[in-house]
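Given next are the chains, with one letter for each unit.
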Amino acid sequence: MNIYVLLKRTFDTEEKITINDARIEEEGAEFIINPYDEYAVEEAINLRDEHGGEVTVVTIGEEESEKQLRTALAMGADKAVLINTEDDLEDGDQYTTVKILEAFFEDKDVDLILAGNVAIDEASGQVGPRLAERLDIPYVTTITSITIDGETVQIERDVEGDVEKVDTSLPLLVTCQQGLNEPRYPSLPGIMKAKKKPLEELELDDLDLDEDDVEPKTKTVDIFLPPEKEAGKVLEGEIDDQVKELVSLLRNEAKVL
Ligand SMILES: Cc1cc2nc3c(=O)[nH]c(=O)nc-3n(C[C@H](O)[C@H](O)[C@H](O)COP(=O)(O)OP(=O)(O)OC[C@H]3O[C@@H](n4cnc5c(N)ncnc54)[C@H](O)[C@@H]3O)c2cc1C
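Worth saying up front: this structure is predicted, and the values here are computed from it rather than measured. (Residues numbered from 1 in each chain as written. Predicted model: local features only at pLDDT ≥ 70, side-chain atom pairs only at ≥ 80, totals over all residues. Heavy atoms only, no water.)

S.K.: Go over the domain arrangement of the protein, please, and point to the residues and values.
M.R.: In terms of domains, the protein is made up of domain 1 (2-214) and domain 2 (227-257). For domain 1 versus domain 2, the distance between C-alpha centres works out to 48 Å. (Domains from an automatic or database assignment.)

S.K.: Before we move on, can you summarise the UniProt feature "domain: Electron transfer flavoprotein alpha/beta-subunit N-terminal" (unreviewed entry) in the protein with the specific residues and values?
M.R.: The UniProt record marks residues 21-211 with the feature "domain: Electron transfer flavoprotein alpha/beta-subunit N-terminal" (unreviewed entry), using the residue numbering of this structure. For the annotated span residues 21-211, helix accounts for 29% and strand for 31% of the residues, and the straight-line distance between the end C-alpha atoms is 24 Å. (UniProt positions renumbered as here; feature names shortened; annotations may be inferred. Helix = DSSP H or I, 4+ residues; strand = E, 2+ residues; numbered from the N terminus.)

S.K.: Talk me through the packing of aromatic side chains; I want residue IDs and the actual numbers.
M.R.: Geometrically, a pair of aromatic rings is defined through the distance of the ring centres and the angle of the planes. Considering all chains together, one arrives at five aromatic pairs under this definition. Between the aromatic rings of Tyr-4 and Phe-105, the centroid separation amounts to 5.1 Å while the plane-to-plane angle is 85 degrees, which identifies the pairing as edge-to-face. Residue Tyr-4 is located in strand β1 (residues 2-6), and its partner Phe-105 is located in helix α3 (residues 94-105); the two are separated by 101 residues in the primary sequence. The exposure class of Tyr-4 is buried, given its relative accessible area of 9%. On the basis of relative accessible area, Phe-105 is assigned to the buried category, the value being 3%. Here the aromatic residues Tyr-4, Phe-104 and Phe-105 are joined through ring pairs into a cluster of three or more. Above the ring of Phe-31, the side-chain terminus of Arg-9 is found at 3.7 Å from the ring centroid. The side chain of Lys-217 reaches across the aromatic face of Tyr-95, ending 4.6 Å from its centre. (Phe/Tyr/Trp six-rings, centres within 6.5 Å; stacked < 30°, edge-to-face > 60°. Buried < 20%, exposed > 50% of the residue type's maximum accessible area, 1.4 Å probe, protein only. Lys NZ or Arg CZ within 6 Å of the ring centre and 35° of its normal.)

S.K.: For the pattern of salt bridges, give the residues involved together with the corresponding values.
M.R.: Two side chains of opposite charge can pair, provided their charged atoms sit close to one another. Per the stated rule, a full pass over the model turns up 12 salt bridges. A salt bridge links Arg-48 to Asp-78; the nearest nitrogen and oxygen atoms lie 3.0 Å apart. A residue pair is termed long-range when its members are at least 10 positions apart, and Arg-48 in helix α1 (residues 35-51) and Asp-78 in the loop between α2 (66-75) and β7 (79-84) qualify at 30 residues. Since its relative accessible area comes to 13%, Arg-48 is described here as buried. A salt bridge links Glu-66 to Arg-70, with the nearest nitrogen and oxygen atoms 3.8 Å apart. In this pair, Glu-66 and Arg-70 are both assigned in helix α2, four residues apart and thus about one turn of the helix distant. Judged by relative accessible area, which is 24%, Arg-70 ranks as partly exposed. Connected via shared salt-bridge partners are Lys-8, Asp-121 and Glu-122. (Salt bridge = Lys/Arg side-chain N within 4 Å of Asp/Glu carboxyl O.)

S.K.: Account for unusual backbone geometry, with residues named and values stated.
M.R.: In this structure, Pro-171 follows Leu-170 across a cis peptide bond, with omega equal to -5 degrees. Turning to its location among the elements, Pro-171 is positioned in the loop between β11 (162-169) and β12 (172-176).

S.K.: Report on the site of the ligand, specifying residues and quantitative values.
M.R.: In the region of the ligand, 28 residues are neighbours, and Lys-8, Asp-37, Thr-97, Ser-124 and Gly-125 sit closest. Between the ligand and the protein, one listed contact pairs an oxygen atom with a side-chain N or O atom of Gln-94 at 3.0 Å. For the ligand, whose accessible area on its own is 920 Å², the fraction buried by protein is 89%. Elements with a minimum of two residues in the shell around the ligand: β6 (54-61), α3 and β8 (112-116). When residues in the shell around the ligand are grouped by element, the largest group, three residues, is from β6. When grouped by side-chain class, the residues that make up the shell around the ligand number 10 nonpolar, 10 polar and eight charged. (Near = heavy atom within 4 Å. Polar contact = N/O pair within 3.5 Å; in protein donor to acceptor, adjacent residues only side chain to side chain. Areas by Shrake-Rupley, 256 points an atom, 1.4 Å probe, with all protein chains shown as cover. Nonpolar A, V, L, I, M, F, W, Y, C, P; charged D, E, K, R; others polar.)

S.K.: Go over α1 with me, naming the residues and quoting the values.
M.R.: With 17 residues, α1 should cover 24 Å at 1.5 Å per step; its first-to-last C-alpha distance of 25 Å lies within 8% of that length. Looking only at α1, the buried set comprises Tyr-36, Asp-37, Tyr-39, Ala-40, Val-41, Glu-42, Glu-43, Ala-44, Ile-45, Leu-47 and Arg-48. After α1 finishes, the residue Gly-52 shows a positive phi value of roughly 85 degrees. (Expected span 1.5 Å × (residues − 1).)

S.K.: Give me the lowdown on α2, citing residues and values where you can.
M.R.: Turning to α2, its buried residues are Gln-68, Leu-69, Ala-72, Leu-73, Ala-74 and Met-75. Downstream of α2 by a residue or two, Gly-76 has a phi angle that is positive, lying close to 140 degrees.

S.K.: Explain the pairing of strand β9 (residues 139-149) residue by residue, including any values.
M.R.: Sheet topology places β9 next to β12; three bridges connect them, and they run parallel. If you follow Tyr-139 over to β12, its bridge partner there is Leu-173. As defined by bridge partners, β9 adjoins strand β10 (residues 152-159) across six bridges and the pair is classed as antiparallel. Bridge pairing in β10 places Ile-143 opposite Arg-157. Here β9 hands over to β10 after two residues, with Gly-150 in that stretch at a positive phi of 65 degrees. (Pairing = 2+ DSSP bridges.)

Here it is as structure tokens:
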């Protein structure tokens, strides 16, 4: 089976994030594989081990994304592709990303593409479904289980906590949800092997695209952190007095009564 994983290098949102001029400051930020894409890599490796074939991990990004691709190779993926837009593009949006991926997949013989359900930084959840539409293949989002038998695929997907069962067929694109599996940590031998695994680097030109073809259709106007939470107020004294004070605060300070 030809299995592809779409992998995005993202900010680690558990670390401190600084915003400057409507952009997250890269200096000092930590970068990781988008967590949902780790489920995708793990599932791809398991499916390859069960059915044979190979796993290729694809990222659109800059030179620094090589680190996350090497981690996926160390987990057990066979090949990696970095579509490096560093020299060609300054801005991009979901249209840009999908247009580039569409061109990449144009001459590929695909059985299964696994993406994350959502990227934790920009979180549009658009890339997987939009790519499947462009490739004219079926897609199923937020999957928590996948069983492949020949061309037939049985899927369980998370629907806000409920489970929906879907039958479909290959070729297929799925987006992965928490609960699908427990992603492995790369082993030391895996890390050593990963250094020798193929990592192909492509530019827009290699995909017969130029800047105008992938010009973004949207522009991020602003992004901002949520306001800092103020310390809570603890009321003291007799219960009757506390109730009176609470009502007064709700009426005069919070102005919700
Ligand atoms: C050339 C370029 C320049 C950009 N410039 C800017 C910018 O200036 N400002 C800005 O805010 N954003 C920029 N972006 C990022 C872009 O706006 C979105 O982050 C990107 O389109 C993905 O959307 P999302 O984060 O909402 O992903 P989602 O749709 O939420 O992601 C879902 C899944 O799609 C896959 N996926 C998403 N992105 C990629 C990727 N890059 N490579 C491989 N798989 C992926 C992953 O599997 C991911 O889990 C740029 C992107 C590109 C390609």
